[in-house]
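Geometric and topological summary
Single-letter residue listing:
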Amino acid sequence: MLAAEGVKLPLAELSDDQQADLTQAIANLRLVDRDTLDEVLREFLTTLEAAGIAFPGGIDRALSLLDGQLSPGATTRLRRLASGSSRADPWERIAGLAPEVLAPVLELESTEVGAVVLSKLSVAKAADLLGRLPGDKARRVAYAVSLTGNVSPDTVHRIGMALSQQLEAQPVKAFDTGPVERVGAILNYSAAATRDSVLQGLEEEDEAFAEQVRRAIFTFTNIPARIDPRDIPKILRKLDQARVVVALAGARGADEKTVAFILDNISQRMAASLRDEIEALGKVKDKDAEEAAGELVAAIREMEAEGEIYLLAEDED
């Protein structure tokens, strides 16, 4: 009756045996009288209304329900248990992974497997993933999609199972961010003397790592290169003007370019007001100036994390 009314039923979520039995039962039916139909509907609705809550079927769906509430170790263990079940759909798990997680695995897989993966993902995610592959590999995988027309469902399922097990076999990371980001974040809030000393030591130990850390660091000096001029008024509104005045008044050396950059990208009246306050404040202790500049940088970082502004790349216009 539901099918006749155009309702799309999620029958694919049943096991293959259940789907076969249901189809066979429908094939054996002929005419059902009105009284029998009404009785069946009443029984079905009574059962439906008696249900208080419905839980998701399978470990994968239970994990989706508890996403963010279980520890990484427990989640990984349960994912492996789910991937070992022949009834579990591995593509539900794969489709939920970020492209940056899938890309390294796909680079090592054959072109044919890559084509199957792209075909099973949403168009937006497949496009993102394709853009992360090397040019030659991306072209070969894109062409291979045209050859997937005769791939059997069993083959697709086996590929999904193999990929899922491979992804679950990767060790759980103790930290959410990489070493470059962590060291950069620490040095962002360190005193300038400490930051310079640490960077010098890193260059002596590992020049490549030190260069990556330098790019990850964002300080008062980096504002002209990393901040869109149109965002300056929005950033200044986040801070008490008195603290902004201290940061600008205490700027020395390379930081003077930051002062000019800020004053050039706000209204003339506000710039004139800040210049007057800077002149009236006079000399500022280095420690006080550094703390005020740190508050300005912290406000920028907070706004970036919330998506209010975006930092520019060092080589970006």
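Residues numbered from 1 in each chain as written. Predicted model: local features only at pLDDT ≥ 70, side-chain atom pairs only at ≥ 80, totals over all residues. Heavy atoms only, no water.

As annotated in an unreviewed UniProt entry, the protein carries the name Flagellar motor switch protein FliG and is attributed to Pseudothioclava arenosa.

**Observations regarding a nonpolar patch on the surface**
A grouping of Met1, Leu2, Val7, Leu9, Leu11, Leu14, Leu22 and Ile26 is seen on the molecular surface, where their side chains present a nonpolar patch of about 650 Å² in accessible area. Given the relative accessible area of 40%, Leu2 is considered partly exposed. (Patch = residues over 30% accessible without salt bridge, like charges linked within 9 Å, V, L, I, M, F, W, Y side chains within 5 Å. Areas by Shrake-Rupley, 256 points an atom, 1.4 Å probe, with all protein chains shown as cover. Salt bridge = Lys/Arg side-chain N within 4 Å of Asp/Glu carboxyl O. Buried < 20%, exposed > 50% of the residue type's maximum accessible area, 1.4 Å probe, protein only.)

**Section: helix α13 (residues 207-216)**
An α-helix turns once every 3.6 residues. As a result, residues three or four positions apart point the same way. Listing the buried residues of α13 in full gives Phe209, Ala210 and Val213. Viewed end-on, α13 has its buried residues packed into an arc of 100°, placing them on one side of the element. Along α13, the residues that are exposed and aim more than 90 degrees away from the buried face are Glu207, Ala208 and Arg215. Of the residues that open α13, the one with a side-chain oxygen 3.3 Å from the backbone nitrogen of Ala208 is Asp206. (Helix = DSSP H or I, 4+ residues; strand = E, 2+ residues; numbered from the N terminus. Arc of directions from axis to C-beta. Polar contact = N/O pair within 3.5 Å; in protein donor to acceptor, adjacent residues only side chain to side chain.)

**Some details on the packing of helix α6 (residues 99-108) against helix α8 (residues 123-132)**
It is the contact of α6 with α8, at a shortest axis distance of 9 Å, that shows an interaxial angle of 55°. Relative to α8, α6 is oriented oblique. The handedness of the crossing between α6 and α8 is right-handed. Of the residues in α8, those in contact with Pro99, Glu100, Leu102, Ala103, Leu106 and Glu107 of α6 are Lys125, Asp128, Leu129 and Arg132. Partitioned by chemical class, the residues of the contact of α6 with α8 number 5 nonpolar, no polar and 5 charged. (Axes fitted to C-alpha atoms, helices over the stretch in contact; angles between N-to-C directions. Parallel < 35°, antiparallel > 145°, perpendicular 65-115°, else oblique. Left-handed = near helix turned anticlockwise from the far one by under 90°. Contact = heavy atoms within 4.5 Å. Nonpolar A, V, L, I, M, F, W, Y, C, P; charged D, E, K, R; others polar.)

**As for a negative patch on the surface**
A surface patch of like charges, here negative, comprises Asp16, Asp17, Asp21 and Asp154. Ranked by residues supplied to the negative patch, first place goes to helix α1 (residues 16-28) with 3 residues. Checked against the element boundaries, Asp17 lands in helix α1. Accessibility expressed as a relative area gives 58% for Asp17, which makes it exposed. (Lys, Arg positive; Asp, Glu negative; His and termini not counted. Charge placed at Lys NZ, Arg CZ, Asp CG, Glu CD.)

**Concerning the environment of Ile266**
Examined against the element boundaries, Ile266 turns out to sit in the loop between α17 (255-264) and α18 (268-281). Owing to a relative accessible area of 10%, Ile266 belongs among the buried residues under this scheme. Separated by 36 residues in the primary sequence, Ile266 and Arg230 have C-alpha atoms spaced 8.5 Å apart. The residues touching Ile266, leaving out its near neighbours within four places in the chain, are Ile232, Pro233, Leu236, Ala271 and Leu274.

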